[in-house]
Amino acid sequence: MIDMDLVLEKLPAFFGLAEAGPALPGRDGLLLTLELLTLSLLAGFALALPLALLRASKNRWLSTPVWLYTYVFRGTPMLVQLFLIYYGIAQFEVVRASWLWTYLQEAYWCAIFAFTLNTAAYTTEIIAGQIRNTAHGEIEAARAIGMSRWQTLQRIALPSALRRALPAYSNEVIMMLQGTAIAGLVTLADLTGVARQIYSDSYQAFEPFLTAGAFYLTLTFLIAWLFRRLERRYLAHLRPRS
Amino acid sequence: MLEDYLPGLFAGLWMTLKLAALALLFAMLLGLMGAAFRLAKNRPLALLAELYSTMVRGIPDLVWMFILFFGGQMLVNDIALALGLAPLDIDAFIAGALTLGFIFGAYMSETFRGAMLAVPPGQIEAGHAYGMSRLRVFCRIMLPQMVRFALPGFSNNWLVLVKSTALVSVIGLDDMMARADVAKSVTQQPFTVYLCVALLYLAITSISMLALNRLCARYSLGIREAEL
């Protein structure tokens, strides 16, 4: 039922090798998916860290705007967010006149921008939740030794909260991997995009999409394995003693 | 200009809601079956259910839609051809709901499995001791009690499901995203159009969260939570 010759013939296209498939430039397929994923996760995490501190703050004026941001981004589909940026930004003359436009007219940067804002919203809530869950005694002990607020945050609260955030964050990373599949809908040739091109060339559905699926499945297992190792290392103090 | 397209967007909203509701029904049926299979003593059944859950959750929903919708269409056509029948056109709405149901059935099966394990086994044993059949124990004892444990995960799955419906325009359904696509080209106001869609989605998720929180409170009556 599945034409293995077609799968093997088109396999190089998923690694961005142009000769094998339709006219695909350099880093398409697997590399583009990984690139979109890593860049948006890194930028999203960098954004989420300060936002989580604001979100966990007792000051309402600081936490409410961040809550609104995470609420809106977690309550709407990432595809809508991507289209808002990719199609929507052009509506504003100001943006089109500015230097930003050189980036925002490219699907690649729009996708990274949208994915970053989306993952930052989820990551903010994950980290803020763990900051709020920090055992009271840990903070008290730090203050008792005479650490300043900044020192307490940097040496005690954040390392402790970030470790405990690992299991939830591993889910978020896997959800983001799956989320990047929509990049193919704004002309990018990520794993799903390459599969769609092969589909429209060959009119065979199972071969290209199952191949793409196998790539995603492997990546999912790899990420899950990586995070299990990280958890064993960084959450060792929370493991039940046997 | 934009006002002319609002009725269209609302028609799309109605389509999105209908689709999500039907998909939820499929997902719950598949989820219950999947969870029951996972906990069954029958090894092949348990393995099959585990394979289903892992495969579905490890592959993006968009890719599944392409596999099931495009692949399914071809499969149906091939079968029709082999039987000497005219090629069939699959109804996109039913196919979309089945596809989403198939995907979220896997997530539901994980939620339901956890909830079933959370019901104290003594309750089930007591049911059997009274001479109830297995089906009756499931319906009268397991189901009412697992609701409380399943609701938080269920709410989460429902919210993700609603957001996933945004993808169905790629298989040709006339949902909010498809309507917005038309409206954006004609009005030349893409940002405003997609902002409206975003607000409509936000309305669905907000109302769902309010309703599900109330339901959760209802099912937790008489349960004392740990106080720190």
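Remember, predicted model here, so these are calculated numbers, not experimental data.

Draft legend 1. Main features of the overall build of chain B. When you go through chain B residue by residue, the secondary structure sums to 8 helices and 0 strands. Secondary structure of chain B in N-to-C order comes out as α-α-α-α-α-α-α-α. Burial analysis of chain B (228 residues in total) assigns 37% to the buried set. Of all intrachain contacts in chain B linking residues separated by at least 6 positions in sequence, the fraction that spans at least 24 positions is 76%.

Draft legend 2. Broad picture of helix H8 (residues 190-219) of chain B. The first and last C-alpha atoms of H8 of chain B sit 43 Å apart over 30 residues, in line with the 44 Å expected at 1.5 Å per residue. When H8 of chain B is considered as a whole, its buried residues turn out to be Pro 190, Val 193, Tyr 194, Cys 196, Val 197, Ala 198, Leu 200, Tyr 201, Ile 204 and Thr 205 of chain B. Those residues of H8 of chain B that are buried are in contact with helix H3 (60-75) and helix H4 (78-88) of chain A together with helix H1 (6-38), helix H6 (134-164) and helix H7 (176-187) of chain B.

Draft legend 3. Local environment of the UniProt feature "transmembrane region" (unreviewed entry) in chain B. Residues and elements named next belong to chain B. The UniProt record marks residues 20-40, 61-86, 92-109, 149-171 and 191-212 with the feature "transmembrane region" (unreviewed entry), using the residue numbering of this structure. Taken end to end, residues 20-40 is 90% helix and 0% strand, and its two terminal C-alpha atoms sit 29 Å from one another. For the annotated span residues 61-86, helix accounts for 85% and strand for 0% of the residues, and the straight-line distance between the end C-alpha atoms is 30 Å.

Draft legend 4. Quick peek at the confidence of the model for chain A. When pLDDT is averaged along chain A, the result is 89; 95% of the residues meet or exceed 70. Below pLDDT 50 for its whole length, residues 20-24 of chain A participates in 16 contacts with residues either more than four positions away or in separate chains.

Draft legend 5. Representation of the packing of helix H10 (residues 191-202) of chain A against helix H11 (residues 206-234) of chain A. All names here are of chain A. One way to put it is that H10 packs onto H11 with a least axis distance of 8 Å and a crossing angle of 165°. One element, H10, and the other, H11, form an angle in the roughly antiparallel class. Viewed along their axes, H10 and H11 form a crossing whose handedness is right-handed. On the side of H10, the interface is formed by Leu 191, Thr 192, Ala 195, Ile 198 and Tyr 199, while H11 contributes Pro 208, Phe 209, Thr 211, Ala 212, Phe 215 and Tyr 216. Of the residues that constitute the contact of H10 with H11, the class distribution is 9 nonpolar, 2 polar and no charged.

Draft legend 6. Representation of the UniProt feature "domain: ABC transmembrane type-1" (unreviewed entry) in chain B within the structure. In this structure's numbering, the residues bearing the UniProt feature "domain: ABC transmembrane type-1" (unreviewed entry) are residues 13-212 of chain B. Each end of residues 13-212 of chain B is marked by a C-alpha atom, and these two atoms are 20 Å apart; helix forms 83% of the span and strand 0%.

Draft legend 7. Representation of the environment of Ala 180 of chain B in the model. Residues and elements named next belong to chain B. By the secondary structure assignment, Ala 180 is in helix H7. Owing to 27 C-beta atoms within 10 Å, Ala 180 belongs among the buried residues under this scheme. Between the C-alpha atom of Ala 180 and that of Phe 112, which follows or precedes it by 68 residues, the distance is 36 Å. Not counting residues up to four positions away in its chain, the partners in contact with Ala 180 are Leu 9, Val 193, Tyr 194 and Val 197.

Draft legend 8. Representation of the nonpolar core in the model. Counting 112 residues, the largest nonpolar core has Leu 82 of chain A together with Ala 23, Val 63 and Val 197 of chain B as the members making the most contacts within it. Two domains each provide a minimum of three residues to this core, namely domain 1 (1-29 + 193-236) and domain 2 (32-188) of chain A. The residues contacting Val 197 of chain B, other than those within four sequence positions of it, are Val 80 of chain A together with Leu 9, Met 176, Met 177 and Ala 180 of chain B.

Draft legend 9. Just the UniProt feature "domain: ABC transmembrane type-1" (unreviewed entry) in chain A, in detail. Residues annotated by UniProt as "domain: ABC transmembrane type-1" (unreviewed entry) correspond here to residues 30-227 of chain A. Helix makes up 82% of residues 30-227 of chain A and strand 0%, with an end-to-end C-alpha separation of 20 Å.

Draft legend 10. Highlighting the interface of chain B and chain A. Of the residues lining the interface, 28 residues belong to chain B; the matching set on chain A comes to 28 residues. Residue assignment for the side of chain B that touches chain A shows that the elements contributing at least two residues are helix H2 (43-58), helix H3 (61-82) and H8 of chain B. When grouped by side-chain class, the residues that make up the side of chain B that touches chain A number 20 nonpolar, 5 polar and 3 charged.

Draft legend 11. Spatial organisation of the confidence of the model for chain B. When pLDDT is averaged along chain B, the result is 90, and 98% of the positions lie at 70 or above. Model confidence for the complex is summarised by a pTM of 0.91, with the ipTM given as 0.90.

Draft legend 12. Expanded view of the environment of Asp 181 of chain B. Residues and elements named next belong to chain B. Structurally, Asp 181 can be placed in helix H7. Assessed through the 17 C-beta atoms surrounding it within 10 Å, Asp 181 is described here as partly exposed. Between the C-alpha atom of Asp 181 and that of Tyr 194, which follows or precedes it by 13 residues, the distance is 8.8 Å.

Cut-offs applied
- Residues numbered from 1 in each chain as written.
- Chains lettered and ligands numbered in written order.
- Predicted model: local features only at pLDDT ≥ 70, side-chain atom pairs only at ≥ 80, totals over all residues.
- Helix = DSSP H or I, 4+ residues; strand = E, 2+ residues; numbered from the N terminus.
- Buried ≥ 20, exposed ≤ 12 C-beta atoms within 10 Å, placed from the backbone.
- Contact = placed C-beta atoms within 7 Å.
- Expected span 1.5 Å × (residues − 1).
- UniProt positions renumbered as here; feature names shortened; annotations may be inferred.
- pLDDT = per-residue confidence, 0-100.
- Axes fitted to C-alpha atoms, helices over the stretch in contact; angles between N-to-C directions.
- Parallel < 35°, antiparallel > 145°, perpendicular 65-115°, else oblique.
- Left-handed = near helix turned anticlockwise from the far one by under 90°.
- Nonpolar A, V, L, I, M, F, W, Y, C, P; charged D, E, K, R; others polar.
- Core = buried A, V, L, I, M, F, W, Y, C linked by C-beta atoms within 7 Å.
- Domains from an automatic or database assignment.

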